[in-house]
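Okay, here's what each chain looks like letter by letter:
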Amino acid sequence: MKLGRLNHVGVATPSIENSVAFYRDVMGAEVIRESFDLPAQGVKVCFIDTPNSQIELIEPLGESSPIHGFLAKNPAGGQHHLCYEVPDIHAAKAWFEGKGAKILGEPRIGAHGTPIFFVHPKDMNGVLTEIMET
Ligand code: CO
């Protein structure tokens, strides 16, 4: 395993619309992608480009969204996960499993259309971590 590029920072929000206005009007974001639903993950997503990475705004989609619990604890939203790039998702999964880390579910197609998985924050110094194949 070699630490890869930081692909994006996931930020949970109760309203993508309001967050987009914040990033545009307060933070000066110029490239705001079209938001879209990711029903398999129970989220609505919107990417905002920064010069060297992206912010992934995540809003709950449906009643069983995994984001509901996070927003119950953090009603205003907040930083949710970091996402690092890897060249091979299965090699990365085997690596983290070899370290005894808890992988949350099987690799699946993520918001960028490539395979991803999440690693439990308890094994990642408290940071929910998304691993994404490029
Ligand atoms: Co993400």
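Residues numbered from 1 in each chain as written. Predicted model: local features only at pLDDT ≥ 70, side-chain atom pairs only at ≥ 80, totals over all residues. Heavy atoms only, no water.

*Asks:* Can you help me understand the pairing of strand 3 (residues 43-49) in this one?
*Replies:* Along strand 3, 6 of the 7 residues are buried, which leaves the element largely enclosed by surrounding structure. The pairing of strand 2 (residues 36-38) with strand 3 spans 3 bridges and is classified as antiparallel. Counterpart to Leu38 in the pairing with strand 3 is Val43. As defined by bridge partners, strand 3 adjoins strand 4 (residues 54-60) across 7 bridges and the pair is classed as antiparallel. Residue Val45 lies in a different strand from strand 4, and its bridge partner there is Ile58. Counted along the chain from strand 3 to the antiparallel partner strand 4, the turn is 4 residues long. (Buried < 20%, exposed > 50% of the residue type's maximum accessible area, 1.4 Å probe, protein only. Helix = DSSP H or I, 4+ residues; strand = E, 2+ residues; numbered from the N terminus. Pairing = 2+ DSSP bridges.)

*Asks:* Where do I start with the coordination of the cobalt ion in this structure?
*Replies:* Working reference: metal with six octahedral donors, ideal angles 90 or 180 degrees; metal with four tetrahedral donors, ideal angle 109.5 degrees. The protein atoms donating to the cobalt ion are His8 (NE2), Glu56 (OE), His81 (NE2) and Glu130 (OE), with metal-donor distances spanning 2.0 to 2.1 Å. In this structure, the cobalt ion is coordinated by 4 donor atoms arranged in irregular fashion, with angles at the metal of 88 to 175°. The sequence motif formed by the donor residues of the cobalt ion is H-x47-E-x24-H-x48-E. Here the residue His8 occupies a position in strand 1 (residues 6-12), and Glu130 occupies one in strand 8 (residues 129-133), the gap between them amounting to 122 residues. (Donors = N, O, S within 2.8 Å, 3.2 Å for Na, K, Ca; no water. Tetrahedral: all angles 85-135°; square planar, octahedral: opposite > 155°, others 65-115°.)

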